[in-house]
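As a plain string of letters, each chain reads:
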Amino acid sequence: MTISQMPYWWEDAPLMALPKTDISPACDVAIVGAGFTGLSAALTLSKAGKSVQVFDKDVVGAAASSRNGGITSGSLRPSLASAVARFGEERACAMFVEAKQARLGLRELIDAHGIDCDYDLSGMFTGALTVSDFNAMKSEAQLLFNKTGIETQIVTQDMLPDHVGSNKYVGGLSNSAIGTIHPAKLVSGLYKAATKAGAVIHAETAVLNVKQHAGSFQVETEHGHCQATNVIVATNGYGDDSDKWLRRRLVPVKSRIVVTEELSPNLVASLMPNGRGMGERKKLYRYFRPTPDGKRILMGGREPPWVNNLDRSIEHGRRALISIFPQLEGVGITHSWSGNVAFSRSDIPQFFSHEGIHYAVGFCGSGTVWAPWLGNKVALKILGDPDGTTSFESDPPPNVPLYRGKPWFIPAMIAGYGLQDWINSRR
Ligand SMILES: Cc1cc2nc3c(=O)[nH]c(=O)nc-3n(C[C@H](O)[C@H](O)[C@H](O)COP(=O)(O)OP(=O)(O)OC[C@H]3O[C@@H](n4cnc5c(N)ncnc54)[C@H](O)[C@@H]3O)c2cc1C
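Below is a short write-up of the structure. (Residues numbered from 1 in each chain as written. Predicted model: local features only at pLDDT ≥ 70, side-chain atom pairs only at ≥ 80, totals over all residues. Heavy atoms only, no water.)

A look at helix H5 (residues 131-148)
For H5, with 18 residues, the first-to-last C-alpha span of 26 Å sits near the 26 Å given by 1.5 Å per residue. Among the residues making up H5, those that are buried are Asp133, Phe134, Met137, Ala141 and Leu144. The arc enclosing the buried residues of H5, seen along the axis, measures out at 100°, which places them on a common side. Every exposed residue of H5 that faces more than 90 degrees away from the buried side is listed here: Val131 and Asn146. Among the residues trailing H5, Gly149 stands out with phi positive, at a value near 80°. (Helix = DSSP H or I, 4+ residues; strand = E, 2+ residues; numbered from the N terminus. Expected span 1.5 Å × (residues − 1). Buried < 20%, exposed > 50% of the residue type's maximum accessible area, 1.4 Å probe, protein only. Arc of directions from axis to C-beta.)

A few points about the pattern of salt bridges
Any two side chains of opposite charge can pair, on the condition that their charged atoms come close. Summed over the entire model, instances satisfying the criterion amount to 12 salt bridges. Notably, a salt bridge pairs Arg107 with Asp111, separated by 3.5 Å at the nearest N-O pair. Here the residue Arg107 and the residue Asp111 both occupy positions in helix H4 (residues 89-112), the gap between them amounting to 4 residues, near one helical turn. Overall, Arg107 belongs to the partly exposed group, its relative accessible area being 33%. Arg286 serves as the salt-bridge partner of Glu280, at 3.0 Å between the closest nitrogen and oxygen. Here the salt bridges share partners, and the residues they tie into one network are Asp133, Glu140 and Arg281. (Salt bridge = Lys/Arg side-chain N within 4 Å of Asp/Glu carboxyl O.)

Some remarks on the sheet that holds strand E14 (residues 333-343)
Taking strand neighbours across the sheet as the criterion, the 8 strands line up as E4-E5-E3-E11-E12-E13-E10-E14 in an open arrangement whose pairing is mixed. Here the strands that pair on one side only, and so sit at the sheet edges, are strand E4 (153-155) and E14. Averaged over all neighbouring strand pairs, the angle between strand axes comes to 20°, with direction disregarded. Relative to strand E13 (residues 297-302), strand E12 (residues 286-290) runs antiparallel, the two sharing 5 bridges. Note on E13: the bridge partner recorded for Pro290 is Ile297. (Pairing = 2+ DSSP bridges. Axes fitted to C-alpha atoms, helices over the stretch in contact; angles between N-to-C directions.)

Brief notes about the site of the ligand
Lining the immediate surroundings of the ligand are 39 residues, of which Thr37, Asp56, Ser65, Ile71 and Val207 lie closest. Within the side chain of Asp56, a nitrogen or oxygen atom sits 2.6 Å from an oxygen atom of the ligand. Taking Val207, its main chain carries an N or O atom lying 2.9 Å from a nitrogen atom of the ligand. Against a free-state accessible area of 1000 Å², the protein chains account for coverage of 98% of the ligand. Sorting the residues of the shell around the ligand by element identifies helix H2 (36-47), strand E10 (251-260), E14 and helix H10 (367-383) as the ones contributing at least two each. Each residue belonging to the shell around the ligand can be placed in one class, and the counts come to 15 nonpolar, 19 polar and 5 charged. (Near = heavy atom within 4 Å. Polar contact = N/O pair within 3.5 Å; in protein donor to acceptor, adjacent residues only side chain to side chain. Areas by Shrake-Rupley, 256 points an atom, 1.4 Å probe, with all protein chains shown as cover. Nonpolar A, V, L, I, M, F, W, Y, C, P; charged D, E, K, R; others polar.)

Some thoughts on the packing of aromatic side chains
Evaluated as defined, the whole model comprises 7 aromatic pairs. Between Phe125 and Tyr169, the aromatic rings sit 6.0 Å apart at their centres with planes inclined by 75°, giving edge-to-face as the arrangement. With Phe125 in strand E3 (residues 124-128) and Tyr169 in the loop between E4 and strand E5 (171-175), this pair connects stretches of sequence that are 44 residues apart. For the pair shown, Phe125 and Tyr169 are each scored as buried. Where Trp245 meets Phe352, the ring centres are 6.0 Å apart and the plane angle is 65°; that geometry is what we call edge-to-face. Of the two residues, Trp245 sits in helix H7 (residues 244-247) while Phe352 sits in strand E15 (residues 350-354), which places them 107 residues apart along the sequence. With a relative accessible area of 1%, Phe352 lands in the buried category. Feature note: the residues Trp245, Phe352 and Tyr359 constitute an aromatic cluster, connected by ring pairs. The ring of Phe134 has Lys138 sitting right over it, with the charged end atom 4.4 Å from the ring centre. (Phe/Tyr/Trp six-rings, centres within 6.5 Å; stacked < 30°, edge-to-face > 60°. Lys NZ or Arg CZ within 6 Å of the ring centre and 35° of its normal.)

Quick look at the pairing of E10
The element E10 is extensively covered by neighbouring structure, given that 8 of its 10 residues are classed as buried. Where E10 lies against E14, 10 bridges are found, and the strand directions are antiparallel. What sits directly across from Pro252, in E14, is Ala342. Relative to E13, E10 runs antiparallel, the two sharing 5 bridges.

Quick notes on H4
Look at H4: 34 Å from first C-alpha to last across 24 residues, which is about the 34 Å you get at 1.5 Å a residue. If you follow the buried residues of H4, they end up packed against H2, helix H3 (80-87), H5, E5, helix H6 (183-196) and H10. (Contact = heavy atoms within 4.5 Å.)

Right under this line is the structure:
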């Protein structure tokens, strides 16, 4: 069977090749990057009457925003307990409360602009592979409830068949506030809403340099330049040497997705009841979801850097899928592709400013909710709107020592995480 390396999503929602338009010599806001973050910022600013130009070095949305798994997780990597230790109780709790608001915010954004992106509030199950993991999950859920009033449902072993058709798990948590989308349709909807509001999008126009100049910014692109009062950088895992300062702070990590051939809808429903997405409590996180038509299963996770051959990488994904769902033995993979997620040493999504330029980046592999949310926040901040306040606004993340854009340490890190998962699974 030939495996398509094009994201499955692009079959239903092909990426748009845009006609070239002239770059205006001046605008209120220039945005670098036309993914969820850049488009959402452009939409808010244009609606408020600002002149906005968005530049993307590729076709609109071709990066992570149309390649992702489409789980509207809005997750934070640190647990509430470790967030309290790092940021203090007040800010840590505010972050988790904001995560809940941000998930609702995505729903409101989709509804407000009538975006047809197969949004399904199906809920999300996170499975524990060991009793110690399950106990830790229960304590975290209790702490979250005690500190913020946010509820998650504990799934005990007898409840598992209602949540997942796999005997790998000893229990887990279910979060009814998480759902799924068709990511390429969301990109397309955001693009249409932003351009309707007046934003001008210049695709295939790389930004080469941004310099402060006489109280504003000179934005140089490969097809000309413009003067902008404000600049937003929304390049996340696809930043390049046009911003060396950011490159030293943000590490791109490859993530791979595999999609099965069409299965019987009954089989899909028995593995993932109610169309619910699923993840695992592991260092090397894997996630699963049905496609919107309920006929295939999509699985994503970190691309193992030591598997340096595409066929082996896809086979690695297929075997991971079968290890959870042995019922899929013999089922073919029809699509597999990869994309970059971005991590910083802060380990949380962030909005910060440096030398007057605004950045919304570092979504740690969980950006379907956070990217549009922080894109909107940065836009509101520029507008001077008090709703621009967010607990994710902070100082820039520290730079990563000995890192200049080539993440040489990732293979060792992923191997270390894999080892920790293996040790944990033997407990
Ligand atoms: C395989 C995969 C699966 C994922 N699954 C999920 C999931 O299920 N749930 C979830 O919540 N998150 C998921 N994510 C993460 C999520 O997709 C991202 O966090 C989110 O899309 C980031 O959006 P963004 O707009 O910030 O960045 P992107 O969509 O990556 O856009 C950045 C843009 O910047 C442009 N750019 C970079 N440099 C320049 C320059 N110099 N000039 C002009 N343009 C430039 C790029 O071309 C790109 O289009 C996944 C990511 C991947 C890769």
